[in-house]
Amino acid sequence: RGLLRDELPGAEVLVVSNREPYIHNRDGDGIVLQRPASGLVTALEPVMRACGGTWIAHGSGSADPDTVDRDDHVAVPPDAPCYTLRRVWLSEEEQNGYYYGFANEGMWPLCHIVFVRPVFRAEDWDQYVAVNRKFADAVIAEARTPDPVVLVQDYHFALLPRMVRDRLPEATIITFWHIPWPNPEVFGICPWRKQILDGLLGSSILGFHTQFHCLNFLDSADRFLESRIDREHSAVRSGGHTTLVRPYPISIEWPPAALAGVAAVEECRAQTFARHGLAPSVRLAVGVERFDYTKGIADRFRAVETLLDSHPDWIGRLTLLQVAAPTRGRLAAYRDTQAEAEAAAERVNARFGTAEWQPILLVARHHEPEEVLALFRAADLCLVSSLHDGMNLVAKEFVAARDDGDGVLILSTFAGASRELREALIVNPYDVVAMAEAIHRGLSMPVEQRRDRMRLMREMVAENTIYFWAARMLLDAARLRKRRAIERNFA
Ligand code: G6P
């Protein structure tokens, strides 16, 4: 808030994302709120609580849009309102084409390169264009000033920056791409690659998690657009407008606000063990994600199987509790991922499990943030084996939850987080044998080493919090605005 006041005086902040921070679901006669399983929301919500402003998002809950629940503007969070949620309603057709179709069957697999074939349909593209326009209209309608700071989020809105730029030429548009950006060979598969690049280049600043993704973007613009790439300043000049392309590794709130409502480590452990009927001698590994094929859930089950084969002394002594929130279930690739993981868990449990003990407990339901943090506290080890991930905030949340200074993190080398959390046991999730060995190593690690590693990782996350992420982008934006003012004054 202070930064906005000092560096961006009078600036109005508008956020645009597909996923809303609070989902309003109808339950009988009342409305219940759900906080979605989304790294983007986890990261951005504390920033909005601190800065205020308007968050424009798709109204996705089951609360009936045709009744009293159809309130376009809601003050949130409900207990202590400090910003406005502006909900945009989408028809079935729009949602199918824009969200399930182009965004999640096209862009998501394209950018993650996990060998799930991207699907590009002209009808989906048309809806994607139309919905981007609809959200751009909402930005224009909400903006009270000619030069707001617009924070555009993710692969759902690649076209929106240009649409807003055309109508609010003075706006400072910061777009953050929360998922990886592939190399030009892969990106070039997209039939609308030019439009996607041109849309994004309506931004003043375009952010990725890592330098690697920035370079991939510059290479893609270089290959497919008539543009000038300024590698020295990491900028693209196209159609008379310059876009800075910068890495901003995203993070979490420190400590996460939800941690205040979570019991201490010993109690979390006792409760979790009692709930799942685990013997006190069992070591507990946890995995927490959306049921997404990018997360490598079945791979980690196979790693547990390999571990029990190669180190049979763990039989009866290790349980992996995997929590996976069902997601994007209308798409076959997601249903297949869930079915594959369930089959793998069943197979491993049938091979090794007994009446008293199961190696894998798979709980396929949504968990609220407090429940997730309690699980992290209950665990000996956390397994993050994404096949590819922009950042992965589960890894950072695990570290944040462990204020007792203990716990081991196993982390995929293909998650952006592995660039920062170097004291995790870094693994290649495609290498099941190496993952099994890492689990063995993690569980056998002497307590002093666990603590040394955790201390360093906690220092990293405490230093680079979500507020730093936002502050670095906003400071870069402030500098751009000051430069522009100088240029105007001396023109
Ligand atoms: C990733 C994406 C977010 C998305 C989240 C949850 O983190 O980068 O944009 O919100 O997954 O997915 P969903 O489709 O449920 O919003």
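Criteria and thresholds
Residues numbered from 1 in each chain as written. Predicted model: local features only at pLDDT ≥ 70, side-chain atom pairs only at ≥ 80, totals over all residues. UniProt positions renumbered as here; feature names shortened; annotations may be inferred. Near = placed C-beta within 6 Å. Nonpolar A, V, L, I, M, F, W, Y, C, P; charged D, E, K, R; others polar. Axes fitted to C-alpha atoms, helices over the stretch in contact; angles between N-to-C directions. Helix = DSSP H or I, 4+ residues; strand = E, 2+ residues; numbered from the N terminus. Parallel < 35°, antiparallel > 145°, perpendicular 65-115°, else oblique. Left-handed = near helix turned anticlockwise from the far one by under 90°. Contact = placed C-beta atoms within 7 Å. Pairing = 2+ DSSP bridges.

Taking an unreviewed UniProt entry as the reference, the chain is identified by name as Trehalose-6-phosphate synthase belonging to Phaeospirillum tilakii. Annotation of the chain in UniProt includes, under Sequence similarities (unreviewed entry), the sentence "Belongs to the glycosyltransferase 20 family."

Draft legend 1. Geometry of the site of the ligand. Around the ligand, the neighbouring residues are Asn18, Arg19, Ser38, Gly39, Leu40, Asp154, His178, Ile179, Arg290, Thr327 and Arg328. Partitioning the shell around the ligand into residue classes produces 2 nonpolar, 5 polar and 4 charged.

Draft legend 2. Seen up close, the packing of helix 5 (residues 160-167) against helix 7 (residues 193-200). At a minimum axis distance of 6 Å, the contact between helix 5 and helix 7 shows a crossing angle of 50°. By the criterion of interaxial angle, the relationship of helix 5 to helix 7 is oblique. For the element pair helix 5 and helix 7, the recorded crossing hand is left-handed. Along its contact with helix 5, which presents Leu160, Pro161 and Arg162, the element helix 7 presents Asp198, Gly199 and Leu200. By residue class, the composition of the contact of helix 5 with helix 7 is 3 nonpolar, 1 polar and 2 charged.

Draft legend 3. Layout of the packing of helix 13 (residues 393-401) against helix 15 (residues 447-463). It is at 9 Å that the axes of helix 13 and helix 15 come closest, and there the two elements cross at 110°. Compared by their axis directions, helix 13 and helix 15 come out roughly perpendicular. In the packing of helix 13 onto helix 15, the handedness of the crossing is left-handed. Where helix 13 approaches helix 15, its residues Lys396, Val399 and Ala400 are matched on the opposing element by Met457, Arg458 and Val461. Grouping the constituent residues of the contact of helix 13 with helix 15 by class yields 4 nonpolar, no polar and 2 charged.

Draft legend 4. Main features of the sheet that holds strand 15 (residues 360-363). Ordered in space as 15-14-13-16-17-18, the 6 strands form an open sheet in which the pairing is parallel. Either end of the sheet is taken by a strand with one partner, and the two such strands are strand 15 and strand 18 (425-427). Neighbouring strand axes in the sheet, compared pairwise and without regard to direction, differ in orientation by 20° on average. Pairing between strand 17 (residues 408-412) and strand 18: 3 bridges, direction parallel. What sits directly across from Ile410, in strand 18, is Leu425.

Draft legend 5. Structural detail: the sheet that holds strand 4 (residues 54-58). Pairing within the open sheet is mixed, and its 10 strands lie in the order 5-6-4-1-7-8-9-12-11-10. Either end of the sheet is taken by a strand with one partner, and the two such strands are strand 5 (73-76) and strand 10 (228-230). The sheet shows a mean angle of 20° between the axes of neighbouring strands, taken without regard to direction. The pairing of strand 4 with strand 6 (residues 83-88) spans 5 bridges and is classified as parallel. Following the sheet pairing, Ala57 is matched in strand 6 by Arg87. In this fold helix 5 packs onto strand 1 (13-16), strand 7 (149-153) and strand 8 (172-176), with an angle of close to 180° to the strand it touches most, strand 8.

Draft legend 6. Expanded view of unusual backbone geometry. Put simply, Val76 and Pro77 share a cis peptide bond, and its omega is -10°. Structurally, Pro77 is set in the loop between strand 5 and strand 6. Following Trp254, the chain continues to Pro255 via a peptide bond in cis, the omega torsion being -10°. Tracing the backbone shows Pro255 in the loop between strand 12 (241-247) and helix 9 (265-275).

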